[in-house]
Amino acid sequence: HHRRAWVVMPENAVKTKIEAVRRNGGEIVFCSPNQQDRERGLAELVEKGCIPIPPYDHADIICGQGPAVVELSVQCPDLDVVLTPVGGGGLISGSAIAARALIPGASVIAAEPEGAADTALSMQQGERVDSFPVDTIADGLRAIVGVLNFEIIHDKVDRIITVSESGIVDAMALVWQHFRLLIEPSSATVVAAILASPEHFSGRRVGAIISGGNVDLESLPFEP
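None of these values were measured; they are calculated from a predicted model.

K.L.:
Describe the side chain of D37, naming the residues involved and giving the relevant values.
P.N.:
Inspection of the secondary structure assignment puts D37 in helix α2 (residues 35-47). Engagement of the side chain of D37 in a polar contact is seen with the side chain of R40, the distance being 2.2 Å. D37 has contacts with C31 and S32, leaving out every residue within four places of it along the chain.

Spelled out as structure tokens, the structure:
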């Protein structure tokens with residue numbers, strides 16, 4: 001059946017993401033860049049009869065993220081650490097479930113921007129926080145961690161490492177210089193975490209998930 005898709009996106013989303021949604025036939029509903037307006041935009045679509053598909057706080061989404069670590073476990077079965085970014089928590093939740101089942105000896109670590117460190121704060125407090133003054137270049141990680149996601153993170157993730165904005169930019173530049181890969185700030189958090197906290201990674205086999213490359217070339221945060 002032919003389905004139409006509406007995507008609620010913050011008005012300051014990077015252009016590559018906006019263009020990708022439109023190129024694939026999606027219709028964008030812009031909102032202010034905060035959690036409340038995103039949820040309001042979704043609620044209005046649901047009232048019109050749309051079927052909601054959450055971006056992270058849903059079992060199907062979490063299961064869909066897990067195969068990244070399933071593949072890692074096949075290619076690198078003796079990993080010591082699995083490392084992913086964390087925003088809403090879909091990727092780290094699915095990764096942690098897969099890692100615990102398939103690489104039980106590995107540590108599971110998440111990297112989070114200091115400017116969106118609601119998951120780290122939630123872990124410290126032992127319960128999920130539902131608001132945070134978000135301010136980070138990592139546009140893919142600005143969401144508040146989901147309810148189901150936090151339950152999984154609390155049970156299965158060993159550590160959240162927070163990284164600075166300058167660390168994220170330095171990590172983007174490092175990956176470009178050494179691998180000629182242009183990764184987005186959200187992806188660069190994992191490299192920034194290794195640079196910022198080498199004691200958790202030195203001498204260990206690390207599987208770091210680079211989760212995307214949505215970067216507007218005219219606003220690169222570093223000089224290539």
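K.L.:
Could you give an account of the environment of G207, with specific residues and numbers?
P.N.:
Within the secondary structure layout, G207 lies in strand β6 (residues 206-208). Given a relative accessible area of 3%, G207 falls into the buried group. Each C-alpha atom of the pair G207 and L79 lies 6.6 Å from the other, and the pair is 128 residues apart in sequence. Contact partners of G207, with chain neighbours within four places excluded, come to L72, L79, V81, V82 and L83.

K.L.:
Can you explain helix α7 (residues 147-156)? Please cite residues and give values.
P.N.:
In an α-helix, one turn spans 3.6 residues; hence positions three or four apart end up facing the same way. Of all the positions in α7, only N149, F150, I152 and I153 are classed as buried. Buried residues of α7, seen end-on, are gathered within an arc of 165° and therefore sit on one face of the element. Residues of α7 that are buried in the fold lie against α3 (59-65), α5 (90-102), α6 (118-125) and β5 (159-163).

K.L.:
Describe the pairing of strand β1 (residues 6-10), naming the residues involved and giving the relevant values.
P.N.:
Note that β1 and strand β2 (residues 27-31) share 5 bridges and pair parallel. The residue bridging V8 from the neighbouring strand is V29, located in β2. For the handedness criterion, the β-α-β arrangement of β1, helix α1 (residues 15-23) and β2 is classed as right-handed.

K.L.:
Describe unusual backbone geometry, naming the residues involved and giving the relevant values.
P.N.:
For R180, which is not a glycine, the phi torsion comes out positive at approximately 55°. When you line up the elements, R180 lands in the loop between α8 (165-179) and α9 (185-196).

K.L.:
An account of the packing of α8 against α9 is needed here, citing residue identities and associated values.
P.N.:
Contact pair α8 / α9: the axes reach a minimum separation of 7 Å and the direction vectors enclose 95°. Between α8 and α9, the angle falls in the class roughly perpendicular. Between α8 and α9, the residues in contact are G167, I168, A171, M172, L174 and V175 and P185, A188, T189, V191, A192 and L195, respectively. Here the contact of α8 with α9 is composed, by residue class, of 10 nonpolar, 2 polar and no charged.

Thresholds applied
Residues numbered from 1 in each chain as written. Predicted model: local features only at pLDDT ≥ 70, side-chain atom pairs only at ≥ 80, totals over all residues. Heavy atoms only, no water. Helix = DSSP H or I, 4+ residues; strand = E, 2+ residues; numbered from the N terminus. Polar contact = N/O pair within 3.5 Å; in protein donor to acceptor, adjacent residues only side chain to side chain. Contact = heavy atoms within 4.5 Å. Buried < 20%, exposed > 50% of the residue type's maximum accessible area, 1.4 Å probe, protein only. Arc of directions from axis to C-beta. Pairing = 2+ DSSP bridges. Right-handed = clockwise from strand over helix to strand, strands pointing away. Axes fitted to C-alpha atoms, helices over the stretch in contact; angles between N-to-C directions. Parallel < 35°, antiparallel > 145°, perpendicular 65-115°, else oblique. Nonpolar A, V, L, I, M, F, W, Y, C, P; charged D, E, K, R; others polar.

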